[in-house]
Amino acid sequence: MVTKSYSSAQPLCHNNEHAALIQFKQSLSIRRFASFDPFAYPKVASWKLERDSDCCTWDGVECDKDTGHVIGLVLNSSFLFGSIDSNSSLFNLVHLQTLNLTDNDFNYSRILSEIIRFSMLTTLNLSLSVFYGQIPSEISGLSKLVSLDLSRNTDFTYYRRFLKLEKPDISSQVPENLGNLTSLRSLRLKNCGLYGEFPTAIFHLPHLEILSGRDNENLAGFLPEFNRNSPLKILALSYTNFSGVLPYSIGNLSSLSVLSLGARHFSGYLRASLNDLTLLSDLFLSYNQFSGPIPILESLSQLTTLSLSLNKLDGGDLFWLGKLIKLAELDLALANLSGDIPSSFANLTQLAEIDLSDNQLAGEIPSWLTNMTEAILIDLSNNQFHGQIPSSFSQLKNLGFLSLPNNTLSGTVEADIFLSLRKLTWLQLGGNHITLLNNNKTNDILPRFMILSLENCNITKFPHFLRFQDELEALSLGNNKIRGKIPEWVSNMSKETLGTLDFRGNMLEGFQQLLEVLPWVNLGTLDLHNNMLRGPLPVPSLKIFSYPVLSNLLTGEIPSSFCGMSDVQILDLSNNNMHGTIPPYLGNLSSMVLKDDNMIDLMIPGEDSVPVLMSLAIKYLSDSPSALQQLTYCSKRSAYA
């Protein structure tokens, strides 16, 4: 907020600027949906039409103390809604040095060429304000500009591209003009749908310290050779279409504190010269095609974030990582690491997140890992760890995410180890050789899980603590040894939130109580295959997407209620004892299997499944008048749905 008031010696606001501000206010409306900031408020509410109201005292307006001219307009998060056209009175404020309109909704207005009238402008912030179209070349004529922020001009409802650097404008004229912005220190273009070729001249602006163009997936370019005198402190181009190699001269950016190039298209070796960036705090190079060994980066003593995951790296000896004692986030997933976790990692006591998943790491889970009391995320999945899960995990009271599946861990594990971690929302233990022991703890001391994966844990009955889980989004108890009826209390668990439920590969016989429709209203995936389910087919919610129920003892017909399940794409009822018709409303199926012990043997792929399903159903069931009657009824429902 910029609010200025002055003594009687202070010149009053000029009449023409007073009028321009009032006209600008009147051209817009106040709509609460126009701003995201919870502390937003309508700053223009203090602007008064009366001539004796000094605009220099208005909220969001700053005037020069000597001339009285309006030099600052800071209307961020002001609920402003409407369009700015070329006749807007805003452009009459020709003495502006600061213009901040961030976090409003200007309804797809274009950034107009009239912006050149603000020749004194040093700060321009139009971020998160629903501007649209070509960035005008005239913006390059604002030679005093120090900070330019056009980021996040994206339609978050439809993810439309709003702004663009488009050939031929940029490739011919704009790069040369951008070279005139010799005062520019900050350029922020994050997440505004930019596309085209990014001009390399921008990298060489002599005072540029911050360059952020991340989250523009169609913005292409490459990194140039960097000079030793470059003042860049932040270079953020992740999630763009940049490509090419990392130049060795990247080591010349001696002032760099943030290097974020997770763009999916960089390749070649990681340069050893990265070790020269001694002020670096954040290094994010994930999601690329980098290859070769991970270079020694022991000089990066200020590093708090190191992310090299999902490349084609060859691993290497990471003993030096133990020297980076300020590390809070370490992501080396899919980095081709092997052997034991280096013992020097024990020095990384500030780690909050450690992801070593999808490697060939072996040995036992080191005991010192549980000394990292700041840890909120630990992911060791898809490795070759063996031995027991340390009971000392229970000491990590801040832990919210623990993923250990698909190793060769063994032994008996008390569920209490995890149930004492009240912040734990994500727990994956499946694909090992452990036996998880149940308990009867009550809900007042339990974590509230969102993701819980306990397949292949030798569980013999439904864990008692599930009774009190009402926020689960995914639950897997597949391939255990649970037998008999599914308890009644299970159907009261996470009714509104559960999206994925996996009970496959047990010895379940059905639900303890009769359910006309299963209670989970947002269930998209339900896997009940390889059990001993008897009786009619359980009916899931209308939102079901994937429903494999093969290899059970189900009987009867497909219930007519399936006619309303327009989202289902995978339905496998094979190896049951079912009969009857196929409702044609199941038209989005990419795979439907009714073979073997059922009456119909059918596999239907592709987009045209509605007529195929109908014709085949009629062909196989034409001798059954009741089946044809059901088919016709379902077809009529489909036509009028």
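Residues numbered from 1 in each chain as written. Predicted model: local features only at pLDDT ≥ 70, side-chain atom pairs only at ≥ 80, totals over all residues. Heavy atoms only, no water.

**Some points on unusual backbone geometry**
- A positive phi angle, close to 50 degrees, is found at Ser77, a residue other than glycine.
- Within the secondary structure, Ser77 sits in the loop between β3 (70-74) and β4 (80-81).
- Classification of Ser77 as buried rests on a relative accessible area of 6%. (Helix = DSSP H or I, 4+ residues; strand = E, 2+ residues; numbered from the N terminus. Buried < 20%, exposed > 50% of the residue type's maximum accessible area, 1.4 Å probe, protein only.)

**Some details on the pattern of salt bridges**
- Following the criterion strictly, the structure yields 6 salt bridges and no others.
- Arg448 is the salt-bridge partner of Asp470, the closest N and O atoms lying 3.8 Å from each other. Taken together, the positions of Asp470 in the loop between β34 (451-453) and β35 (474-476) and Arg448 in the loop between β33 (433-437) and β34 put the pair 22 residues apart, joining distant regions of the chain.
- Judged by its relative accessible area of 26%, Arg448 falls in the partly exposed class.
- Taking the shortest distance from any N to any O, the salt bridge between Arg504 and Asp502 comes out at 1.8 Å.
- The class for Asp502 is buried, based on a relative accessible area of 9%.
- Because the salt bridges share partners, they merge into one network encompassing Arg185, Glu209 and Lys233. (Salt bridge = Lys/Arg side-chain N within 4 Å of Asp/Glu carboxyl O.)

**Details of the state of the cysteines**
- Inspection of the entire model under this criterion finds 2 disulfides.
- Put simply, Cys13 and Cys55 are joined by a disulfide, and their sulfur atoms are 1.8 Å apart. What sets the handedness of the Cys13 and Cys55 disulfide is the S-S torsion sign, and at about 90 degrees it is right-handed. With Cys13 in the segment before α1 (15-26) and Cys55 in the loop between β1 (29-30) and β2 (61-63), the pair connects residues that are 42 residues apart, well separated along the chain.
- On the basis of relative accessible area, Cys13 is assigned to the buried category, the value being 10%.
- The exposure class assigned to Cys55 is buried, which follows from its relative accessible area of 0%. (Disulfide = S-S within 2.5 Å.)

**Focus on the environment of Leu232**
- Mapped onto the fold, Leu232 is located in the loop between β14 (218-221) and β15 (234-236).
- A relative accessible area of 0% places Leu232 in the buried class.
- The spacing of Leu232 and Leu208 is 24 residues in sequence and 5.9 Å in space, taken between C-alpha atoms.
- The contacts of Leu232, once residues within four sequence positions are left out, are Leu208, Glu209, Ile210, Leu211, Phe226, Leu253, Ser255 and Leu256. (Contact = heavy atoms within 4.5 Å.)

**Observations regarding the confidence of the model for the chain**
- Mean pLDDT for the chain: 85, with 84% of residues reaching 70 or above.
- Across residues 164-176 the pLDDT falls below 50, and counting only partners more than four positions away or on other chains, this stretch makes 30 contacts in the model.
- This model gives residues 599-641 a pLDDT under 50, and the stretch forms 77 contacts once residues within four places in sequence are excluded. (pLDDT = per-residue confidence, 0-100.)

**Notes on the sheet that holds strand β31 (residues 408-414)**
- Across the sheet, which stays open at both edges, the 5 strands sit in the order β25-β27-β29-β31-β33 with parallel pairing between neighbours. Each edge of the open sheet carries a strand with a single partner, namely β25 (338-339) and β33.
- With 2 bridges connecting them, β25 and strand β27 (residues 360-364) associate as parallel partners. Bridged to Ser338 within β27 is Gln360. (Pairing = 2+ DSSP bridges.)

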